[in-house]
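# Geometric and topological summary
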Amino acid sequence: MSVGIDEISFYTSNFYLDLRTLAAKQQTDPEKYYTGIGQEKMAMATHDEDIVTMAANAALPLIERIGTNAISTLLLATETGIDQSKAAGIYVHRLLGLNANCRVVELKQACYSATAALQMACALVARQPSTKVLVIASDIARYDLDTPGEATQGCGAVAMLISHNPRIMAIDAEVGNYTDDVMDFWRPNYRSTALVDGKYSTKIYLKALKKTWDSFSEVSRIGFNDFSYFCYHLPFSRMAQKAHQHLAKSNQCELSAEGIEAQIQPTLRYNQIIGNSYTASIYIGLCSLLDNVKENLAGKKVGFFSYGSGCVAEFFSGSIQEGYQACLHTQRHMDMLAERQELNYDQYLDLYRYPDPRQGESVEIPKATLGRFRLAAIHQHKREYVAC
Ligand code: HMG
């Protein structure tokens, strides 16, 4: 029996800042962003959007198809937690109308935790093949203004239905893991923006790639040349390009530079116009691959490098299934991205400074999102979500 991704769908905000606008404000050459880090736009959540509304919006197309009773467990991965105790997935559970017998848990380990959720979901389904697990990754990447990280902000959520005999991708049991206690990127509880040692973080990312690949190679018979495509964690697209060149070189890959680049190029397209969505980014990369490659991917092997600062990383693999095209939400994704509106710099600053009523004051939040679910108000420290 195979276990894996039966359906996948993502959501991002309807608003973005072009990095040319940011570059002009910072008096920086826009090519530093467009070419140097390989990013064009960054999605900005509206005041009535957060990880809960994005998560529910990402999962809606899946629930519309399978109904509200099929899900036995909802695992929500995020590092943009809205509560220290209550799992954000409980709000999502209500917004989607899921069955009261469905268990809900939140997972955290920087950008890695969606992969932990995916593997846990596979284990649950392997134990009880009649069940389906909903895995959602949802995050808003925020750094301080006028820091090197600012251009790598973004937001998004991805929802994946995990089942036996999956229609999109079967996930192999063999994985390579790596954990190390490092301070490359972190966000203490009292801060709303991340702290990062940027250059150091890129070095640790590459080190973790090598360690997970070595660990994967010890347990799996799948070699570098067996893979057609690779999905990387995408803090910015140049990071994945550099990492993949590194991996190809260390495996004495005989492909040309263009051939190596072609193994990841289709996975980068959405990230380049959304930005970093932390836990969601590698799986939005998978959506980008599935939606944008014209050749039939059935039977192809895809390698995944999942990285979360701090750090935990994993290399794993999957096989695309026959007929997967019929299960994609490509048009929905394309329409959502095409309908987005550009922000000017002042509008960006306004969205950057979201409501934060720490003293329990009441805030009514005007409607701005085009998504089905929104954060309508915060009263006495309680967030009020509604369907539009
Ligand atoms: P920086 O230091 O300002 O940028 O920020 P730079 O000066 O290194 O320039 C970047 C690149 O642009 C360089 O290319 C320049 O040469 C080039 P490289 O040397 O790297 O090949 N460049 C230009 N190219 C063309 N025309 C120009 C031009 N000017 C410069 N005119 C940094 C870069 C990554 C440090 C910054 O964006 C940052 O701190 N980002 C946040 C941290 C990050 O994303 N780290 C990635 C690894 S850690 C990770 O992935 C985990 C994470 O997602 C969090 C989690 O796990 O939760 C972040």
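Residues numbered from 1 in each chain as written. Predicted model: local features only at pLDDT ≥ 70, side-chain atom pairs only at ≥ 80, totals over all residues. Heavy atoms only, no water.

The chain carries the name Polyketide biosynthesis 3-hydroxy-3-methylglutaryl-ACP synthase pksG in an unreviewed UniProt entry, which gives Nitrincola nitratireducens as its organism. In UniProt, the chain has this text filed under Sequence similarities (unreviewed entry): "Belongs to the thiolase-like superfamily. HMG-CoA synthase family." (UniProt positions renumbered as here; feature names shortened; annotations may be inferred.)

With that settled, consider the overall build of the chain. Per the secondary structure count, the chain includes 12 helices and 18 strands. The C-alpha radius of gyration of the chain comes to 20 Å, within 12% of the 21 Å expected for a compact globule of 388 residues. The principal-axis extents of the C-alpha atoms in the chain amount to approximately 60 × 55 × 40 Å. A total of 388 residues make up the chain; the buried ones form 58% of that total. Per element, the accessible surface of the chain, about 16100 Å² overall, is 48% carbon and sulfur. The positive charge centre, built from 37 side chains, and the negative charge centre, built from 42, are 2 Å apart in the chain. (Helix = DSSP H or I, 4+ residues; strand = E, 2+ residues; numbered from the N terminus. Rg over C-alpha atoms; globule rule 2.2 N^0.38 Å. Buried < 20%, exposed > 50% of the residue type's maximum accessible area, 1.4 Å probe, protein only. Areas by Shrake-Rupley, 256 points an atom, 1.4 Å probe, with all protein chains shown as cover. Lys, Arg positive; Asp, Glu negative; His and termini not counted. Charge placed at Lys NZ, Arg CZ, Asp CG, Glu CD.)

Now for helix 1 (residues 19-26). Among the residues making up helix 1, those that are buried are Leu19, Leu22 and Ala23. Mapping the buried residues of helix 1 onto a view down its axis gives an arc of 100°, with all of them on the same face. Across from the buried face of helix 1, at angles greater than 90 degrees, the exposed residues are Ala24 and Lys25. The inward-facing, buried residues of helix 1 abut strand 2 (15-18), helix 2 (31-37), strand 3 (41-43) and helix 12 (345-352). (Arc of directions from axis to C-beta. Contact = heavy atoms within 4.5 Å.)

With that settled, consider the side chain of aspartate 48. Note on placement: aspartate 48 falls in the loop between strand 3 and helix 3 (51-66). Using a relative accessible area of 0% as the deciding quantity, one classes aspartate 48 as buried. There is a polar contact of 3.2 Å between the side chain of aspartate 48 and the backbone nitrogen of threonine 369. A polar contact is formed between the side chain of aspartate 48 and the side chain of arginine 374, at a distance of 2.8 Å. Aspartate 48 has contacts with Thr53, Ile365, Pro366, Lys367, Ala368, Thr369, Arg374 and Leu375, leaving out every residue within four places of it along the chain. (Polar contact = N/O pair within 3.5 Å; in protein donor to acceptor, adjacent residues only side chain to side chain.)

Moving on: the site of the ligand. Around the ligand, 27 residues are found, and the nearest of them are Lys32, Glu79, Cys111, Lys199 and Lys242. Between the ligand and the protein, one listed contact pairs an oxygen atom with a side-chain N or O atom of lysine 32 at 2.7 Å. In this structure, an oxygen atom belonging to the ligand sits 2.5 Å away from a side-chain N or O atom of glutamate 79. Taking 1100 Å² as the accessible area of the ligand by itself, protein coverage stands at 74%. (Near = heavy atom within 4 Å.)

What follows concerns the pattern of salt bridges. Enumeration over the complete set of coordinates arrives at 15 salt bridges. A salt bridge links arginine 332 to glutamate 64, with the shortest nitrogen-to-oxygen separation between them at 3.4 Å. Here arginine 332 is found in helix 11 (residues 330-338), whereas its partner glutamate 64 is found in helix 3, with 268 residues between them in sequence. Looking at arginine 332, the relative accessible area reads 40%, which means it is partly exposed. Overall, glutamate 64 belongs to the partly exposed group, its relative accessible area being 46%. Of the charged contacts in the structure, one is a salt bridge between aspartate 144 and arginine 191, with a shortest N-O distance of 3.0 Å. Of this pair, aspartate 144 sits in the loop between strand 6 (132-141) and strand 7 (154-164) while arginine 191 sits in the loop between strand 10 (185-186) and strand 11 (195-196), and the two are 47 residues apart along the sequence. Since its relative accessible area comes to 22%, arginine 191 is described here as partly exposed. The network of salt bridges with shared partners includes Asp6, Glu7, Arg65 and Arg167. (Salt bridge = Lys/Arg side-chain N within 4 Å of Asp/Glu carboxyl O.)

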